Amino acid sequence: MYIYLTAVLFFLILNFLISVLSKKYTYEKFFIYVIIYFILINVFNLIFLKDINLFKFEAVFSVLILFVYSGLYRSISVKIMIYLLLKKNNISINEFYKKEFKPKSFDKRVKILVDNGFLNKKNKDLFLSERGKKYLKIFKLAHSIYRMKTSG
Amino acid sequence: MTFLQIILLSGIFGVIFVILHLLFLYLISFTKIIQTIFPFVLSNFICFYFSKDLEIHKFFYDALVINFAIFVIYVEFLLLLKKGFTLTIITSFKKKKKQSYNSIAKSYSNGKGSKWILLDRLLGVKKLKIIKLNRKIALSKFGYFLAVILVLSRKILSIKDFG
């Protein structure tokens, strides 16, 4: 039992230190951190402890923590709830859309796509880069395999 | 060696699970993500049944935990394909090759528009009785409690910003 608690605490402390030390702690960085942590702890486990239960625990913990983090970091529903909690006053849908959602969620995502090289910007127009086109092909294929007509 | 046997058993499960899910998708039109539970349970039964006479069988209960982790990853992947916000922005370039910020917002999700996604998520949380939705959006008592937990969880995981 203590070993699981120690593993979780160690994970959280290391995560806190990385978030303080890195300039912008994004989901991508957290993802890389979880993968490296999972590999290292299991290498340690395989060499010294040889505990199958720890291996199982770490596998489920890593997957669930990624799932939870992704929700807390990216989910629109979570963003709405936290906004309402912190602002303490009610807001109309239109106002929320114009003030919060469009500039801080939608346009921000488009900007992230530009920054990460998925979209190219020329004057006011945006178009897919080579990288973006490659990903679009993959998404189209995945959508057709899983018979998804729309997403969003 | 034990680790490898568990990984092998879970690997076999993974292959059976994906094949079964696709079969259910094409033959019985299991398009809802919640319906992936059925192929998950069935593929575990298949693994259990066919490995019962083999040496590897004693690791089945250990592999079950890893199978669950595989299931969560798979569901996460499906959710990303179906609900992914950023992914849908990229797919909005299927029809129009050049778009402005406003044009992307209009053509989002096959022309439903960016406001649609907000309304869709609002209706989702309203169904769960987390918010009250009249002219204005307001948190319910349950929503308030949940929002406090979310803020605390974000603090524990050192999340400062929204993606």
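Residues numbered from 1 in each chain as written. Chains lettered and ligands numbered in written order. Predicted model: local features only at pLDDT ≥ 70, side-chain atom pairs only at ≥ 80, totals over all residues.

**Student:** Describe the overall build of chain B, listing the residues and the values that go with them.
**Tutor:** Across its full length, chain B holds seven helices and three strands. What you see in chain B, going N to C, is helices and strands ordered as α-α-α-α-β-α-α-β-β-α. In terms of overall dimensions, chain B is more spread out than a globule: its C-alpha atoms have a radius of gyration of 21 Å, far above the 15 Å expected for 163 residues. Buried positions account for 25% of the 163 residues belonging to chain B. Once local pairs closer than 6 in sequence are excluded, the contacts in chain B between residues at least 24 apart make up 41%. (Helix = DSSP H or I, 4+ residues; strand = E, 2+ residues; numbered from the N terminus. Rg over C-alpha atoms; globule rule 2.2 N^0.38 Å. Buried ≥ 20, exposed ≤ 12 C-beta atoms within 10 Å, placed from the backbone. Contact = placed C-beta atoms within 7 Å.)

**Student:** Quick rundown of the domain arrangement of chain A? Include the residues and the values.
**Tutor:** Under the domain assignment used here, chain A contains domain 1 (2–74) and domain 2 (90–145). Here the C-alpha centroids of domain 1 of chain A and domain 2 of chain A sit 29 Å apart. (Domains from an automatic or database assignment.)

**Student:** Go over the nonpolar core with me, naming the residues and quoting the values.
**Tutor:** Among the nonpolar cores identified, the biggest contains 37 residues, and Leu72(A), Ile80(A), Met81(A), Leu84(A), Ile89(B) and Ile90(B) are the most heavily contacted of them. Each of domain 1 (2–74) and domain 2 (90–145) of chain A gives at least three residues to this core. Residues Ala59(A), Leu9(B), Phe17(B) and Ile66(B) belong to the second largest nonpolar core, which totals 13 residues. (Core = buried A, V, L, I, M, F, W, Y, C linked by C-beta atoms within 7 Å.)

**Student:** Residues and numbers for the pairing of strand S3 (residues 136–139) of chain B, please.
**Tutor:** Remember that side chains alternate between the two faces of the sheet whenever the strand is regular. Residue and element names in this part refer to chain B. Side-chain alternation along S3 places Ile137 and Leu139 on a buried face and Lys136 and Ala138 on a face that remains uncovered. One ladder, built from three bridges, connects strand S2 (residues 131–133) with S3; its direction is antiparallel. Within S3, the position partnered with Lys132 by the bridge is Ala138. Between the end of S2 and the start of S3, which pair antiparallel, lie two residues. (Pairing = 2+ DSSP bridges.)

**Student:** Tell me about the interface of chain A and chain B, residues and numbers included.
**Tutor:** Every contact between the two is made by 60 residues of chain A and, on the other side, 67 residues of chain B. Sorting the residues of the side of chain A that touches chain B by element identifies helix H1 (2–21), helix H2 (27–49), helix H3 (52–74), helix H4 (76–87), strand S1 (91–92), helix H5 (93–115), strand S3 (125–128) and helix H6 (130–145) of chain A as the ones contributing at least two each. Considering every element that reaches the side of chain A that touches chain B, the biggest residue donor is H3(A), with twelve residues. Looking at the side of chain A that touches chain B residue by residue, the class counts come to 40 nonpolar, eleven polar and nine charged. (Nonpolar A, V, L, I, M, F, W, Y, C, P; charged D, E, K, R; others polar.)

**Student:** Quick one: what's the story with H2(A), residue by residue and with numbers?
**Tutor:** All names here are of chain A. For H2, spanning 23 residues, the distance from its first C-alpha to its last is 31 Å, which sits close to the expected 33 Å at 1.5 Å a residue. Listed in full, the buried residues belonging to H2 are Phe30, Ile41 and Asn45. As for H2, its buried residues are in contact with H1 and H3. Just downstream of H2 lies Lys50, where phi reads positive at about 55°. (Expected span 1.5 Å × (residues − 1).)

**Student:** Give me the lowdown on the sheet that holds S1(A), citing residues and values where you can.
**Tutor:** Taken in spatial order, the three strands of this open sheet run S1(A)-S3(B)-S2(B), and their pairing is antiparallel. Every other strand in the sheet has two partners, leaving S1 of chain A together with S2 of chain B as the edge strands with one partner each. Where S1(A) meets S3(B), two bridges bridge the pair, whose relative direction is antiparallel. Bridged to Ile91(A) within S3(B) is Ile137(B).

**Student:** So what about the packing of helix H2 (residues 37–51) of chain B against helix H3 (residues 60–83) of chain B? Which residues, and what values?
**Tutor:** Residue and element names in this part refer to chain B. Two numbers describe how H2 lies on H3: the axes approach to 11 Å, and their chain directions differ by 155°. Taken together, the axes of H2 and H3 lie roughly antiparallel to each other. The two elements H2 and H3 cross, and the hand of that crossing is right-handed. Residues Phe40, Asn44, Cys47, Phe48 and Ser51 of H2 pack against Phe60, Leu64, Asn67 and Phe71 of H3. (Axes fitted to C-alpha atoms, helices over the stretch in contact; angles between N-to-C directions. Parallel < 35°, antiparallel > 145°, perpendicular 65-115°, else oblique. Left-handed = near helix turned anticlockwise from the far one by under 90°.)

**Student:** Any chance you could break down the sheet that holds S3(A) for me, citing the residues and the numbers?
**Tutor:** Think of a sheet as strands paired side by side through backbone hydrogen bonds, with each pair either parallel or antiparallel. Strand order in this open sheet of three strands is S2(A)-S3(A)-S1(B), and the pairing throughout is antiparallel. The open sheet has two edge strands, strand S2 (119–122) of chain A together with strand S1 (98–99) of chain B, and neither has a second partner.

**Student:** Can you break down the environment of Ser129(A) residue by residue, with the values?
**Tutor:** Residue and element names in this part refer to chain A. Tracing the backbone through its elements, the reader meets Ser129 in the loop between S3 and H6. Residues Ser129 and Leu119, ten residues apart in the sequence, show an inter-C-alpha distance of 5.1 Å. If near-sequence neighbours (up to four positions away) are discounted, Ser129 is found in contact with Gly117, Phe118, Leu119 and Asn120.

**Student:** Tell me what's going on with unusual backbone geometry, and back it up with residues and numbers.
**Tutor:** Of note in the backbone geometry, Ser109(B) takes a positive phi value of approximately 50° without being a glycine. Along the chain, Ser109(B) falls in helix H5 (residues 101–111).

**Student:** Give me the packing of H4(A) against helix H6 (residues 114–127) of chain B: which residues, what numbers.
**Tutor:** The relative placement of two packed helices comes down to the angle between their axes together with the axis-to-axis distance. Put simply, H4(A) and H6(B) touch, their axes get as near as 9 Å, and they point 75° apart. Taken together, the axes of H4(A) and H6(B) are roughly perpendicular relative to one another. Contacts from Ile76(A), Ser77(A) and Ile80(A) in H4(A) reach Ile117(B), Leu118(B), Arg121(B), Leu122(B), Gly124(B) and Val125(B) in H6(B). For the contact of H4(A) with H6(B), the residue count by class is six nonpolar, two polar and one charged.

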